[in-house]
Amino acid sequence: MFELHLVDLSKDMIDYLKDLIINSECKKIFFISANKRPIRFLEQRLDIDYLLKTDFYVFDDFVKEFVLKHTNDSVLYQSNLERYFFMLDVIRSHNHVYEALGREDKKVFPWAKRLSSLFSEIDKNLPIDTDTLDLSKNLDNIYIEMLKESDTILSNIKTLYNTYRKQMGNQIYGGELYRRMLKLLENVDLTDYEFIFSGLLYLSKLEIEILKKIASKTKVCFVLYSDNHNRNKYFNCFEAVELTVREIERVVKNVNRVISKEDSFMLPEINFYDSSSCMQEMEELSNRLERDFSEINKANEVAVLLPDESVLRLFLTNIPEKIGDNLNITMGYPFVQTNVYGFLIRFLDVIYRAEIQENGFKIDSDILIKLCDFENLIVHDGFKRELIDIKRCIFRQERKNVVLNGGFLYNLICQFKENVTLEKWRSLFENLLSYLIRSVYDEKDLSFILNANIALLFIDEISAKIEGVKDRYVDIEFLISIIKEIAKDIFIPFEGSPLKGLQVMGMLESRGLKFDTLFILDVNEGILPNYDKVDPLLPEMVKRYLGLPTYKEKELLMRYNFFRAVYSAKKVFLFYRSGEEKGEKYTRSRYIEQLILTKELNEKRRISIPKINTPFVYKKNTELLIENQNTNISHFSPTHLDDYINCPYKFYLRYVKEIK
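What counts as what
- Residues numbered from 1 in each chain as written.
- Predicted model: local features only at pLDDT ≥ 70, side-chain atom pairs only at ≥ 80, totals over all residues.
- Heavy atoms only, no water.
- pLDDT = per-residue confidence, 0-100.
- Contact = heavy atoms within 4.5 Å.
- Phe/Tyr/Trp six-rings, centres within 6.5 Å; stacked < 30°, edge-to-face > 60°.
- Helix = DSSP H or I, 4+ residues; strand = E, 2+ residues; numbered from the N terminus.
- Buried < 20%, exposed > 50% of the residue type's maximum accessible area, 1.4 Å probe, protein only.
- Lys NZ or Arg CZ within 6 Å of the ring centre and 35° of its normal.
- Polar contact = N/O pair within 3.5 Å; in protein donor to acceptor, adjacent residues only side chain to side chain.
- Axes fitted to C-alpha atoms, helices over the stretch in contact; angles between N-to-C directions.
- Parallel < 35°, antiparallel > 145°, perpendicular 65-115°, else oblique.
- Left-handed = near helix turned anticlockwise from the far one by under 90°.
- Nonpolar A, V, L, I, M, F, W, Y, C, P; charged D, E, K, R; others polar.
- Salt bridge = Lys/Arg side-chain N within 4 Å of Asp/Glu carboxyl O.

Before going further, it helps to spend a moment on the confidence of the model for the protein chain. Close reading of the predicted structure is inappropriate where its pLDDT is low. The share of residues in the protein chain with pLDDT of 70 or more is 87%, and the mean pLDDT across the chain is 84. Counting interchain partners and residues more than four positions distant, the pLDDT-below-50 stretch residues 618-636 has 25 contacts.

Below, the structure written as structure tokens:
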């Protein structure tokens, strides 16, 4: 039995899902969501009896646990890093492909990562009764411009994929999990179970087949937020829902539609703000929070959406003190944006470029000074003093090169210069990052606590990912390539509990949630929607040919997430940047243009958008101010702020003393 629930934006999805669980007559309920955040909201509103009868999952986690629980075979679940090395070996088994991609592991490794993602998508979209990729059409007839390496992979994609399928054996990863789950469902008894799926869009072929198979055994409720009142009659903002519904009803027979909507609704009050910089956006946001939302009692009262997670640090720097204790951040911060990652990459660069000489290691001063700039990150007194002394020596003597022949940095370079296994690299990183951690610390030293936790998270990530490949030998250049690739997938979790106060999250975290007041920053082209159009491996035409999701589907999904969030709120503040900043020209998003045009058509008048020019109305953080009569700084730009946060001493030299 398959019920398709289309819930209007005027309703609270969390309350709707709560009622589905409460009214279910089944002994056991599986709730599967597109993301974690709605699960937290739902758990908060359910009594203990219903929490005990319900298991909560994100779809990928549900599939993984189901396969590991019900399979009788001895299977090995690959970590991301294990998977990338596995794909590297697949490429190496075809020597002409390996040669064309660079004939060195460190050069081929990024392509192995891309091929892993591609094959996982193919796995989820292949018919369940085949393990081979059959390209019946001739791609030679399609004119496409692509990288030489991409052309090599595409020319050999059938052979590469079939080799990959044969060598997988008992290993499972990504799309293969869905294939296994569909086969396992044949022999699993689901009597007295009910499955509730929420917020899932653009399902793969295997995902729909899984839903179909479950529905043949028990009840399935598939729930989506939709616009049942056609709020925006001039544009189709919910095409993603229409396409998903159409595909489900094509594959799954006897789908029962349940349309849920309020008799009356009101369009949200939408306010637009034009700014010249990210800092101005933060100032206006902070002023409004300080003035109008110093007390936030409910979790669904006020939310700030940050489509670009890299501005989270700037947001936290400018948050009013009153809000600071009533804040719940539910988005991950990119590891590559942290000082810990900056320190690691600078250190590895020093190792790679250090020239071995009879009297020590010769290092370019420009390379070394970039590492010394992270002195404030170091808590080990000896190592910290050494970096400070090296920096002073370079400035005083204006040396082009420095020769190290003793000390902490010299000893670390000696260790890292060796060609060792990944397990040994892990222990070396543990030793290196120990200089950022101390056993006794002041609980008020939040900066240290954050950096220490980030360092520990990185070590944990490395430890978890290398288990199956820990005996692989890699040199320093290959190691740098590996670290850069896996660092892209690491995010610092800020998920808060209990739910309270101002909610801060990314666009994807907001799926399925409804807020009274909503602030969305950086609604610019390239961010909403982003410019993720160019795939270095496969052009859009080839993806379409292979039956894989293209940029069009991604853009429709971004559009749906944005307009669903906007139209489900009561009051919305949209910020965008215009003009140029750091040499980059900003254009307001097409989504803004659409909302402005819709508002003008509805109100039959031209609307003007205010330019943000508001000073701070609350006290700034005095730690960010430099009191110096001789400085020529009249204001702080985001570049000023980033430079100060990364290294106050460098900031002092560059902007206060104006040393080039």
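The structure having been displayed, the exposition proceeds.
Counted by the stated rule, this structure contains 42 aromatic pairs. Consider the rings of Phe 59 and Phe 197, whose centres lie 5.7 Å apart with planes at 65 degrees: the pair is edge-to-face. Of this pair, Phe 59 sits in helix H4 (residues 59-70) while Phe 197 sits in strand S6 (residues 193-198), and the two are 138 residues apart along the sequence. Each of the two residues, Phe 59 as well as Phe 197, counts as buried. With a centroid separation of 5.7 Å and an interplanar angle of 65 degrees, the aromatic rings of Phe 416 and Phe 429 are classed as edge-to-face. Linking Phe 416 in helix H19 (residues 408-416) with Phe 429 in helix H20 (residues 422-433), this pair joins segments that are 13 residues apart in sequence. The burial state of Phe 416 is the same as that of Phe 429; both residues are buried. Three or more aromatic residues joined by ring pairs make a cluster, and in this case those are Phe 30, Tyr 57, Phe 59, Phe 62, Phe 66, Tyr 178, Tyr 193, Phe 195 and Phe 197. One residue, Arg 577, lies across the ring of Tyr 586, its end atom 4.5 Å from the ring centre.

Looking now at the side chain of Thr 244. Note that Thr 244 resides in helix H12 (residues 239-251). The class of Thr 244 is buried, set by a relative accessible area of 4%. Within the structure, the side chain of Thr 244 is placed 2.9 Å from the backbone oxygen of Ala 240, a separation counted as a polar contact.

Interaxial distance between helix H5 (residues 80-92) and helix H9 (residues 157-168) falls to 10 Å at its minimum, and their mutual angle equals 125 degrees. What the angle tells us is that H5 and H9 run oblique. In the crossing of H5 with H9, the sense of the turn from one axis to the other is right-handed. Where H5 approaches H9, its residues Arg 83, Phe 86, Met 87, Val 90 and Ile 91 are matched on the opposing element by Leu 160, Thr 163, Tyr 164, Gln 167 and Met 168. When its residues are assigned to classes, the contact of H5 with H9 shows seven nonpolar, two polar and one charged.

Inspection of the entire model under this criterion finds 44 salt bridges. Bridged by salt links that share partners, the residues Glu 104, Lys 106, Lys 107, Asp 475 and Glu 477 form one connected network.

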